[in-house]
Amino acid sequence: MHDMLRRYFGTDDLAQIDPAIVPAGTERMLVDLGLETDPGRKFALWSLLYMLGAAPDLDVAFEEESEREAARNLMDMLAASEQK
């Protein structure tokens, strides 16, 4: 996660991301997500995009049902952690 933050936003500290560069960083991430063929890397990209509120729908991002289910599980875990 830290590597992706550095790559797309120039810092590995989420709190230090300059809001002015978020649109460009997320656009690059979306392009990379569309080109990525490794399932693990694709899931990591989608996860960060989800946390930033920029993730595409599951049926767009993932071809395999198992990948969509993993993404739903992440969404559920994050939602549960916000309720505490």
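What comes next concerns the included structure.

Conventions and cut-offs
Residues numbered from 1 in each chain as written. Predicted model: local features only at pLDDT ≥ 70, side-chain atom pairs only at ≥ 80, totals over all residues. Heavy atoms only, no water. Buried < 20%, exposed > 50% of the residue type's maximum accessible area, 1.4 Å probe, protein only. Helix = DSSP H or I, 4+ residues; strand = E, 2+ residues; numbered from the N terminus. Arc of directions from axis to C-beta. Contact = heavy atoms within 4.5 Å. 1 Å grid on protein atoms, 1.4 Å probe; cavity = no way out; pocket = protein on both sides within 12 Å on 5 of 7 lines; lining within 4 Å. Points joined across faces, edges and corners; volume = space filled by probe spheres on them. Nonpolar A, V, L, I, M, F, W, Y, C, P; charged D, E, K, R; others polar. Salt bridge = Lys/Arg side-chain N within 4 Å of Asp/Glu carboxyl O.

To continue, consider helix H1 (residues 2-9). What H1 keeps buried is the set Met4, Leu5, Tyr8 and Phe9. With its buried residues spanning 100° around the axis, H1 presents them on a single face. Of the exposed residues in H1, the ones pointing more than 90 degrees away from its buried face are Asp3 and Arg7. Structurally, H1 contributes buried residues whose contacts are with helix H2 (22-35) and helix H3 (39-51). Where H1 ends, the next residue or the one after it, Gly10, has phi of about 80°, a positive value.

This part is about the environment of Ala55. Topologically, Ala55 is positioned in the loop between H3 and helix H4 (58-61). Overall, the relative accessible area of 25% leaves Ala55 in the partly exposed class. As a C-alpha pair, Ala55 and Leu30 span 25 residues in sequence and 7.9 Å in three-dimensional space. Those residues within four positions of Ala55 in sequence are excluded, and the remaining contacts are Trp46, Leu49 and Tyr50.

Our next topic: the environment of Met51. As for its placement among the helices and strands, Met51 is situated in helix H3. Met51 gets classed as partly exposed once you look at its relative accessible area, which sits at 43%. Along the primary structure Met51 and Met75 are separated by 24 residues, whereas in three dimensions their C-alpha atoms are 9.2 Å apart.

For the rest of this paragraph, the subject is the layout of surface pockets. Considering only enclosed or pocket space, the largest pocket measures out at about 160 Å³ in volume. Forming the walls of the largest pocket are Asp3, Met4, Arg7, Tyr8, Asp32, Glu36, Arg41, Ala44 and Leu45. For the lining of the largest pocket, the secondary structure elements donating two or more residues are H1 and H3. The element best represented in the lining of the largest pocket is H1, accounting for four residues. Broken down by class, the residue content of the lining of the largest pocket amounts to four nonpolar, no polar and five charged.

Here we come to the pattern of salt bridges. Tallied over the entire structure, the rule returns six salt bridges. Here Asp3 and Arg6 are joined by a salt bridge, their closest N and O atoms 2.5 Å apart. Of this pair, Asp3 and Arg6 are both found in helix H1, three residues apart, which corresponds to roughly one turn of the helix. When the shortest N-O distance is used, the salt bridge between Arg72 and Glu65 registers 2.9 Å.

Geometric values such as these leave the question of function open.
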